[in-house]
Amino acid sequence: QVQLVESGGGLVQAGGSLRLSCVASGSIFSINTMGWYRQTPGTERELVATITSGGSTNSADSVKGRFTISRDAAKNTVYLQMNSLKPEDTAVYYCNAILALKNDGSWYQYWGQGNQVTVSS
């Protein structure tokens, strides 16, 4: 059983910072990409940022220059440092991982439970 457990969300004033963490645990053979997505009521879940096992990153234009994704491969952990937060960053943030359970070429996508981030104006 694989679990992604997130932490670090909460309430912050505009201009402030938060750091999200996500730890993947369970019978994991290898993790390819880890990342963060976010969703507000009535909207589609959207990409925030991803990072590959090789360290390549991708992020939404709306967060470039403000959010930084990083990863500790030894700990199966991904972080999202969010600076200069804006009210429009308010959402439920979901951790995502694409991983293999065995060395058989099969990859699976897992999601965390979601973590509320609220930015007040």
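Because the structure is predicted, anything quoted here is derived from the model rather than measured.

Rules used throughout
Residues numbered from 1 in each chain as written. Predicted model: local features only at pLDDT ≥ 70, side-chain atom pairs only at ≥ 80, totals over all residues. Heavy atoms only, no water. Helix = DSSP H or I, 4+ residues; strand = E, 2+ residues; numbered from the N terminus. Rg over C-alpha atoms; globule rule 2.2 N^0.38 Å. Buried < 20%, exposed > 50% of the residue type's maximum accessible area, 1.4 Å probe, protein only. Contact = heavy atoms within 4.5 Å. Salt bridge = Lys/Arg side-chain N within 4 Å of Asp/Glu carboxyl O.

A. Inspection of the overall build of the protein at higher detail. A count of helices and strands for the protein gives 0 helices and 11 strands. Along its sequence from the N terminus, the protein presents helices and strands in the succession β-β-β-β-β-β-β-β-β-β-β. What you see for the protein is a C-alpha radius of gyration of 14 Å, in line with the 14 Å of a compact globule of 121 residues. A principal-axis box enclosing the C-alpha atoms of the protein has dimensions of 50 × 25 × 25 Å. Per-residue burial for the protein yields a buried fraction of 39% across its 121 residues. Nonlocal contacts in the protein, meaning residues at least 24 apart in sequence, comprise 56% of its contacts between residues at least 6 apart.

B. The arrangement of the pattern of salt bridges in detail. Using the criterion set out here, one finds 4 salt bridges in the structure. A salt bridge links Arg38 to Asp89, with the nearest nitrogen and oxygen atoms 3.0 Å apart. Of this pair, Arg38 sits in strand 4 (residues 30-39) while Asp89 sits in the loop between strand 8 (77-82) and strand 9 (91-100), and the two are 51 residues apart along the sequence. Overall, Arg38 belongs to the buried group, its relative accessible area being 6%. Across the pair Lys64 and Asp61 runs a salt bridge whose closest N-O atoms are separated by 3.3 Å. Its relative accessible area of 67% is what places Asp61 among the exposed residues.

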